[in-house]
Amino acid sequence: MQDLEQGVARFRRDVFPAKTELFTRLATTHRPATLFISCSDARVVPELITQSEPGELFVIRTAGNLVPAYAPGSADGVAAGIEYAVAVLDVSDIVVCGHSGCGAMTAVADGLDPAALPAVAGWLRHADASRARTTAEGGAGTVAALVRQNVLAQLANLATHPSVARALAGETVALHGWIYDIGTGTVEELDATGRPSALAV
Ligand SMILES: [Zn+2]
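(A) Layout of the domain arrangement of the protein chain. In terms of domains, the protein chain is made up of domain 1 (1-30) and domain 2 (31-198). Counting from both sides, the interface comprises six residues of domain 1 and, opposite them, seven residues of domain 2. Together, the buried faces of domain 1 and domain 2 total about 530 Å²; carbon and sulfur atoms form 65% of this surface. Run the count over domain 1 and domain 2 and you get one salt bridge.

In structure tokens, the structure reads:
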């Protein structure tokens with residue numbers, strides 16, 4: 001905890017004063033252009049990877065960067081965040097970013113004990129389609145293949161949310177699937193078939 005307090009002190013002393021203008025503007029303005037959905041994994045830092053400033057990314061982080069398909073009537077924090085970002089903030093792009101060595105995807109590939117981790121096991125059911133896709137393409141059991149298919153499956157889930165479906169129909173939002181490799185710092189973009197290509201070299 002002391003590390004965090006020292007970090008806040010450093011932020012107040014060194015970082016904030018250098019960006020006073022930005023923070024003054026942000027105090028009354030919230031207009032991010034991108035909804036960025038990533039894993040909760042501590043090694044994945046959306047603002048660092050994309051070199052974004054405060055105010056630029058609206059971030060939703062879940063275990064396994066899973067986006068449950070739209071379920072009418074359920075009090076779903078992820079769905080609420082998506083709807084707010086798309087219908088109120090008018091984001092123009094949505095990125096679903098998976099990553100190498102994902103613990104959630106490893107658990108999906110290896111299986112886990114629902115009696116020991118009932119909440120995790122229940123949540124990971126949202127990766128059922130990802131596992132099915134991976135098995136169908138012959139990559140069952142490989143975490144890298146699952147990570148890739150999972151990003152595609154979550155993009156499909158995203159499109160089931162009415163706000164996203166409306167924005168897609170009006171061509172006011174674009175969906176992107178990314179994979180971040182922790183060990184090399186590379187980011188790949190997936191095409192509609194799941195084929196990766198380097199995002200930037
Ligand atoms: Zn992860």
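Right, picking up where we left off after that structure.
(B) Representation of the coordination of the zinc ion in the model. On the protein side, the zinc ion has Cys39 (SG), His99 (NE2) and Cys102 (SG) as donor atoms, found 2.1 to 2.2 Å from it. In primary sequence terms, the donor set of the zinc ion follows C-x59-H-x2-C. This pair shows no difference in class: His99 is buried, exactly as Cys102 is.

(C) Looking closely at unusual backbone geometry. One non-glycine residue, Gln51, lies in positive phi territory at about 50 degrees. Mapped onto the fold, Gln51 is located in the loop between helix H3 (46-49) and strand S2 (57-62). Despite not being glycine, Glu171 has its phi angle at roughly 55 degrees, a positive value. Following the sequence through the fold, Glu171 ends up in the loop between helix H9 (162-169) and strand S4 (174-180). With a relative accessible area of 73%, Glu171 lands in the exposed category.

(D) Spatial organisation of the packing of helix H4 (residues 77-88) against H9. At a closest axis distance of 8 Å, the pairing of H4 and H9 adopts a crossing angle of 30 degrees. Overall, the two elements H4 and H9 adopt an arrangement that is roughly parallel. In this structure, H4 meets H9 at a crossing whose hand is left-handed. Judged by residue contacts, Ile82, Glu83, Val86 and Ala87 of H4 engage Ser163, Val164 and Ala167 from H9.

(E) Expanded view of the nonpolar core. Counting residues in each nonpolar core, the largest one holds 33 residues, and the members touching the most others are Leu35, Ile37, Ile82, Ile94, Met105 and Leu158. For this core, the secondary-structure elements that each account for two or more residues are strand S1 (34-39), S2, H4, strand S3 (93-99), helix H5 (103-110), helix H8 (143-158) and H9. Ignoring anything within four residues of it in the chain, the contact list for Met105 reads Gly64, Leu66, Ala127, Val143, Leu146, Val147 and Asn150. If you look at the next biggest cluster of nonpolar residues, it comprises eight residues, including Val95, Cys97, Trp178 and Tyr180.

Cut-off values and rules
- All residue numbers refer to position in the chain's written sequence, counted from 1.
- Given that this is a predicted model, residues contribute local features only at a pLDDT of at least 70 and side-chain atom pairs are listed and counted only at 80 or more, while totals for whole chains, interfaces and linings are drawn from all residues.
- Side-chain numbers here rest on the full set of heavy atoms in the structure, without hydrogens or water.
- Domain start and stop positions are those given by an automatic or database domain assignment.
- Whether two residues are in contact is decided by their heavy atoms: any pair within 4.5 Å suffices.
- Take the accessible area each of two parts loses on contact, using a 1.4 Å probe, and add the two losses: that sum is the buried area.
- Here, a salt bridge means any Lys or Arg side-chain nitrogen found within 4 Å of an Asp or Glu carboxyl oxygen.
- Counted as coordinating are nitrogen, oxygen and sulfur atoms within 2.8 Å of the metal, or 3.2 Å for Na, K and Ca, while water is not included, which may make sites look incomplete.
- Burial classification: accessible surface area is computed with a 1.4 Å probe over protein chains only, and a residue below 20% of its type maximum counts as buried, one above 50% as exposed, and the rest as partly exposed.
- Helix numbering and strand numbering both begin at the N terminus, where a helix is a DSSP run of H or I of at least 4 residues and a strand a DSSP run of E of at least 2.
- All axes here are fitted lines through C-alpha atoms, helices being fitted over the stretch that makes contact, and every angle between N-to-C directions spans 0 to 180 degrees.
- The scheme is simple: roughly parallel for angles under 35 degrees, roughly antiparallel for over 145, roughly perpendicular for 65 to 115, oblique for anything else.
- Crossing handedness: left-handed means the near helix sits turned counterclockwise from the far one by under a right angle, and right-handed means the same turn made clockwise.
- Nine residue types can take part in a nonpolar core, namely buried Ala, Val, Leu, Ile, Met, Phe, Trp, Tyr and Cys, and a core is a set of them joined through side-chain atoms within 4.5 Å.

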